[in-house]
Each structure stands twice: as C-alpha cells, then as structure tokens.
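# Observations on the three-dimensional arrangement
Given next are the chains, with one letter for each unit.
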Amino acid sequence: MTWRWRYENATGGEVTDPPLPREVFPSQADAESWIGENWSELLEAGVERVALLDEERVEYTGLSLRPE
C-alpha cells in the first residue's frame, strides 16, 4: 500500500502548479503526520484542501488546510 496526498483548490480541482512535494508514504499515519507538519507551506502555495489516497483509492477528501 502506498499513501499520498492529492492537493486541491477550493472547488476540489487538483493543484499541480507550482510544483509541490509529491511524497509517498508507507502508512496512513505517516501521511497524516506529514500533512500535520507541512500544511501551512502548502496553503501558502495555493492548496486549499487535500485528499488522501491509498494507491488510487480515495480514503477521504475535502480536508481543509485553513485553520478554523
């Protein structure tokens, strides 16, 4: 199993520009720890929300990077 984040704009479209980190993780916990450490940099780069994928299966989507 390979976990990765898909970066999205406010309407759910994939953000690919500027080039963003394309990390791959061995577990869901590793992926979630990474996003917890890097969310603010992604938000500054134009990412509004993320989706977590296991291979190509979407585990969850619509996770906002904006603080509440």
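In what follows, the structure referred to is the one given above.
We now turn to the structure provided with this report. (Residues numbered from 1 in each chain as written. Predicted model: local features only at pLDDT ≥ 70, side-chain atom pairs only at ≥ 80, totals over all residues. Heavy atoms only, no water.)

### Comments concerning helix H1 (residues 28-44)
With 17 residues, H1 extends 24 Å from end C-alpha to end C-alpha; this agrees with the ideal 24 Å at 1.5 Å per step. Along H1, the sharpest change in direction is near 60° and occurs at Asn-38. The set of residues buried in H1 consists of Ala-31, Trp-34, Ile-35, Leu-42 and Leu-43. Elements in contact with the buried residues of H1: strand E1 (3-8) and strand E2 (49-54). At the exit of H1 stands Gly-46, carrying a positive phi of roughly 105°. (Helix = DSSP H or I, 4+ residues; strand = E, 2+ residues; numbered from the N terminus. Expected span 1.5 Å × (residues − 1). Bend = angle between axes of the 7 residues up to and from the residue. Buried < 20%, exposed > 50% of the residue type's maximum accessible area, 1.4 Å probe, protein only. Contact = heavy atoms within 4.5 Å.)

### As for the nonpolar core
Counting residues in each nonpolar core, the largest one holds 15 residues, and the members touching the most others are Trp-5, Tyr-7, Leu-42 and Val-47. Breaking this core down by element, the ones donating at least two residues are E1, H1 and E2. The element contributing the most residues to this core is H1, with five residues. Residue contacts for Tyr-7: discarding those within four places in its chain leaves Gly-13, Glu-14, Val-15, Leu-20, Pro-21, Arg-22, Trp-34, Leu-42, Val-47, Arg-49 and Val-50. (Core = buried A, V, L, I, M, F, W, Y, C linked by side-chain atoms within 4.5 Å.)

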